[in-house]
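Each chain, written out:
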Amino acid sequence: MAAEGGGKEMNEIKTQFTTREGVYKLLTHSEYSRPNRVPFNSQGSNPVKVSFVNVNDQSGNGDRICFNVGRELYFYIYKGVRKAADLSKPIDKRIYKGTQPTCHDFNPITATAESVSLLVGFSAGQVQLIDPIKKETSKLFNEERLIDKSRVTCVRWVPGSESLFLVAHSSGSMYLYNVENTCGTTAPHYQLLKQGENYAVHTCKSKSARNPLLRWTVGEGALNEFAFSPDGKFLACASQDGFLRVFGFDAAELHGTMKSYFGGLLCVCWSPDGRYIVAGGEDDLVTVWSFSDCRVIARGHGHKSWVSVVAFDHCTTSVEDGDPPAEFSGSDEEFHEQIHFGAGRDRANSAHSRLSKRNSTDSRPVSVTYRFGSVGQDTQMCLWDLTEDILFPHLPLSRTRTHTNVMSATSPPATGQTTTNTTTTTTTTTTTTTTTAVSANNPSGTNGKDNVSNSSTSGNPANSLPSTLPRSNSLPHSTNPTGGSTPNSHTGSNSSTTTTTTKGNSIIDSAFIATGVSKFATLSLHDSRKERHEKDHKRNHSMGHISSKSSDKLNQLSSTRTAKAEAAKTLGTTLCPRMEEVPLLEPLVCKKIAHERLTVLIFLEDCLVTACQEGFVCTWARPGKVGLLSSQNNPANSPSGTVV
């Protein structure tokens, strides 16, 4: 746990830190930056971002790094903990005029020692496909800015695809592209394909194949980041409106929703097994959300400003539950092989159910540790451990954790409701409000697989927080008018809509095949009926009842009356539990490691990589991985740093 210091010590930059695994050390000679090593004046520029790819080079030095600083983009051989960085020899360097690179992503499938496919998004909305090894500019997408004029916030190759990629913009829209298609000379015309609570998916109407294949509009305000699940089936989106939305990617189904405690969400990531999602943002918190239960299970407080990046450490994450242990401690390639052989969502659900059974039938300890990290605009890096006493609060605690607030997770509710009320509430609410809940959360139904997973978890109170947590069970909130996912949302009117979203109806296929539109044509009438029902429900929702339950602080911070009402509706519900309703984590490590705000955190096999807005990309060797650079890395070489 980080110790709070005072005065000068707080402003000193740390060059090493200790965890239970050992000491992580900053390798000063492995720092990547612009060749002149001069700090970049970052005023008004886009965040520095870093991308890695392995080209399977025969020499064993196959890692490549790409990073942007201001108008410049660099591509180097990444030597990591093995050798010092040679900044005089970039493989490729580009300087752009009139626009700045904002984000980038390598395609790991097509990468070879002779060729890599690198996507670069820009501040003016364009996306460029380049090959920094061959030094060829392959293609420019949205060149005339006819598709979207706003800044590109996130670009990712669709997992497992050589040609499909997804691009998010600050307009709140996402676009699916195919590298083989052109963007056309006129603005695209769209046709509605799917619509739900605060999102819509349109297909591009065109006689010939053109980009974009699909347009997603998600939430209000910018879409700051998205992340594909490890198995590639789900997509988590973090938006400026403060909502995390998780979709089934192929069918464009909304799986679940979460609301930040305050302000926008800026970053999101998945646990290596796909069971948990961590998001960070303008509330200075990291929030842990359960994929199967669709609810917040913990928050982490350690940052003093906005959280800019969250990432799981697959090398330190382990799950052991009596069956053969599922250790995630190999290379990225080995981990992806595990995912391909069933370690994705199906495995997550089966392991989840195994742990559920153990909760009620077996007292053997379950050893679960998820390690994740976060960096923020406060120039601090935090490391967090998510352990079984947080994930499964009804198990006998395997150890006392003094820095974890599990009071509300394990104590009886303080609202005067009894446990017998829990069951009656569940049954009565299902009959009276299910239709509204389904229309708010799953306007077009959930697919059959979701039904199974929801019913198996929601019917198992031993594995979740008490459903009678303060205020979260009162009638107006259980309907979740703002689009959360309730335990009841898998029942009710799903039966009438499940047929329209069977597994075969991949929304990407629909974009390619014109007949795909007719498959979803029946949804429009059904949706409008549900929207009407939802409007009636909102009209009858007492505003006085809402505002009386919202905190004074929230009312002061919210800028508009609508924002106040919306935030007040969600606070205290499963969408956004109150601070005392979920465990509060404190960081294992919380260190100031830069002079400027941090924008990158990436966990690699033998090191972790951070970067700040000054343009310095730093490598931190894992315990025992210092290697050749151990003699070079001493305090004398880094006068500005201190060893702690």
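From a predicted model like this one, the values you see are computed outputs, not experimental measurements. (Residues numbered from 1 in each chain as written. Predicted model: local features only at pLDDT ≥ 70, side-chain atom pairs only at ≥ 80, totals over all residues. Heavy atoms only, no water.)

Low pLDDT means the predicted coordinates in that region are not meant to be read closely. Summary statistics for the protein give a mean pLDDT of 74 and a share of 61% for residues scoring 70 or more. In the model, residues 397-504 has pLDDT below 50 throughout and makes 212 contacts with residues more than four positions away in sequence or in other chains. Under a pLDDT of 50 for its full length, residues 513-560 has, in the predicted model, 62 contacts with residues more than four places off or in other chains. (pLDDT = per-residue confidence, 0-100. Contact = heavy atoms within 4.5 Å.)

Take the packing of aromatic side chains next. Applying the stated criterion to the full structure yields 25 aromatic pairs. Ring geometry for phenylalanine 165 and tyrosine 177: centres 5.1 Å apart, planes at 0 degrees, overall stacked. With phenylalanine 165 in strand β13 (residues 164-169) and tyrosine 177 in strand β14 (residues 173-178), the pair connects residues that are 12 residues apart, well separated along the chain. Taken individually, phenylalanine 165 and tyrosine 177 each receive the classification buried, so the pair is uniform in this respect. Ring plane angle 50 degrees and centroid distance 5.7 Å describe the contact between tryptophan 270 and phenylalanine 291, whose orientation is recorded as tilted. (Phe/Tyr/Trp six-rings, centres within 6.5 Å; stacked < 30°, edge-to-face > 60°. Helix = DSSP H or I, 4+ residues; strand = E, 2+ residues; numbered from the N terminus. Buried < 20%, exposed > 50% of the residue type's maximum accessible area, 1.4 Å probe, protein only.)

This paragraph deals with the pairing of strand β6 (residues 72-77). Counting buried positions over the six residues of β6 gives five, a clear majority of the element. Where strand β5 (residues 63-69) and β6 come together, six bridges link them in antiparallel fashion. What sits directly across from valine 69, in β6, is glutamate 72. The turn linking β5 back onto β6 is made up of two residues, and glycine 70 within it adopts a positive phi angle of 60 degrees. Here four bridges tie β6 to strand β7 (residues 92-95), and the two strands are oriented antiparallel to one another. (Pairing = 2+ DSSP bridges.)

Structurally, leucine 87 can be placed in the loop between β6 and β7. Separated by 57 residues in sequence, leucine 87 and serine 30 place their C-alpha atoms 9.9 Å apart. Apart from the residues within four sequence positions on either side, leucine 87 is in contact with Glu31, Tyr32, Ser33, Arg34, Pro35, Arg37 and Tyr76.

Here we take up the sheet that holds β14. In spatial order, the strands read β12-β13-β14-β17-β16-β15; together these six strands make up an open sheet with antiparallel pairing. At either margin of the open sheet sits one strand with a lone partner, and together these are β12 (152-157) and β15 (189-196). Taken over all neighbouring pairs, the strand axes of this sheet differ in orientation by 20 degrees on average, direction set aside. Relative to strand β17 (residues 214-218), β14 is paired through four bridges, and the arrangement is antiparallel. (Axes fitted to C-alpha atoms, helices over the stretch in contact; angles between N-to-C directions.)

This part takes up the pairing of strand β20 (residues 243-248). Counting buried positions along β20 gives six out of six residues, so the element sits mostly inside the fold. Neither face of β20 is left uncovered, since the one carrying Phe243, Arg245 and Phe247 and the one carrying Leu244, Val246 and Gly248 both have all their residues buried. Sheet analysis places strand β19 (residues 234-239) next to β20, joined by five bridges and oriented antiparallel. When the sheet's bridge partners are listed, cysteine 237 is paired in β20 with arginine 245. As consecutive antiparallel partners, β19 and β20 are separated by three residues, and within that stretch glycine 242 has a phi angle of approximately 90 degrees, a positive value. Bridge analysis of β20 against strand β21 (residues 253-259) gives six bridges, and the strand direction is antiparallel. Residue pairing for β21: arginine 245 is matched across the bridge by threonine 257. Where β20 hands over to β21, the hairpin turn is made up of four residues, of which alanine 252 adopts a positive phi near 55 degrees.

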